[in-house]
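Coordinate inspection notes
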Amino acid sequence: MTLFSVEGKTVVVTGGSRGIGKMIAAGFVAAGASVYISSRKAAEVEKTAAELGCVAVPADLSTPEGVETLVGTVAGREDRLDVLVNNAGATWGAPLEEYPEHAFDKLWGINVKGVFFLTTRFLPLLRASASAEDPARVVNIGSVDGLRVPVVENYAYSAAKAGLHMLTRHLAIKLAPEFITVNAIAPGPFESKMMAYALDDPGTRAVVESQVPLGRIGRPDDMAGAAIYLASRAGAYLTGAIIPVDGGITAS
């Protein structure tokens, strides 16, 4: 069905070397898209790119230089960008009265400010792709922790992800007249470095699964499917949405 086709589209996935970013990148590659993935660890992103069949761009997106490296690399090879997936992020957990101030600075910088400035730098390429029939797409990866109060003490992370959700809505309204849609996916528990502290322990994993109405951890196809929907013709009329992909956690 062409309704969900992303074949031939050019896609950038930040933080694409592992976890949720890798799941999304793998889905787009399998669906026939031309995919660029970035990560600050060169060896890791190059290994993943070789595995998936996409292009690796080592870049630390917490720095202006890293942003310019990624944008410049893509712009040097492509005349348009159809889909930007802002997945790169970080988390931090600590008890309330021990929570460090620099955690807020780091997580706000990566999870919100970094998304804003990378998106604005890619606007010329996104505008080159955009049309009323087939808008360019920005997909931000938020979190269920930005939609509900989490049980873990990750104050800066949950606040930053809530901020990213609002940034998504704000950009969606601003860019809609230019036929660029901006949406966010709010994942629940998936296999990733951020969740390894819980999911690598069988007992803790069972507790996490018991809190999910559907009774399981998210699978790669769950994440790839949501991103591909937003990037396809099927998702062309959706903008400013925050979609929980969480097995029902935020509904319970």
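Thresholds, definitions, all that
- Residues numbered from 1 in each chain as written.
- Predicted model: local features only at pLDDT ≥ 70, side-chain atom pairs only at ≥ 80, totals over all residues.
- Heavy atoms only, no water.
- UniProt positions renumbered as here; feature names shortened; annotations may be inferred.
- Helix = DSSP H or I, 4+ residues; strand = E, 2+ residues; numbered from the N terminus.
- Contact = heavy atoms within 4.5 Å.
- Phe/Tyr/Trp six-rings, centres within 6.5 Å; stacked < 30°, edge-to-face > 60°.
- Buried < 20%, exposed > 50% of the residue type's maximum accessible area, 1.4 Å probe, protein only.
- 1 Å grid on protein atoms, 1.4 Å probe; cavity = no way out; pocket = protein on both sides within 12 Å on 5 of 7 lines; lining within 4 Å.
- Points joined across faces, edges and corners; volume = space filled by probe spheres on them.
- Nonpolar A, V, L, I, M, F, W, Y, C, P; charged D, E, K, R; others polar.

The protein chain goes by SDR family NAD(P)-dependent oxidoreductase in an unreviewed UniProt entry, where it is assigned to Sphaerisporangium album. In its Sequence similarities (unreviewed entry) section, the UniProt record describing the protein chain reads: "Belongs to the short-chain dehydrogenases/reductases (SDR) family."

Concerning the environment of V55
On the secondary structure map, V55 appears in strand 3 (residues 55-58). Taking C-alpha positions, V55 is 8.3 Å from S34, a pair spaced 21 residues apart along the chain. Non-local contacts of V55, meaning those with residues more than four positions away in its chain, are made with V35, Y36, I37, A49 and R77.

Here's the deal with the packing of aromatic side chains
Using the criterion set out here, one finds 3 aromatic pairs in the structure. Seen in terms of ring centroids, Y99 and F104 are 5.6 Å apart; in terms of plane orientation they differ by 70 degrees. Their pairing is edge-to-face. You can call Y99 buried: its relative accessible area is 13%. Residue classification places F104 among the partly exposed residues on the basis of a relative accessible area of 40%. Between Y99 and Y155, the ring centres sit 5.4 Å apart and the planes meet at 85 degrees, which makes this aromatic pair edge-to-face. You can see Y99 sitting in the loop between strand 4 (83-86) and helix 4 (101-121) and its partner Y155 sitting in helix 6 (residues 155-175), a full 56 residues away along the chain.

Considerations on the layout of surface pockets
Considering only enclosed or pocket space, the second largest pocket measures out at about 220 Å³ in volume. Every residue lining the second largest pocket is counted, 14 residues in all, and those nearest its centre are L61, S62, T63, P64 and K113. Where the lining of the second largest pocket is concerned, the elements lending two or more residues are helix 3 (64-77) and helix 4. Broken down by element, the lining of the second largest pocket gets its largest block of residues, 8 residues, from helix 4. Its residues assigned to classes, the lining of the second largest pocket shows 5 nonpolar, 4 polar and 5 charged.

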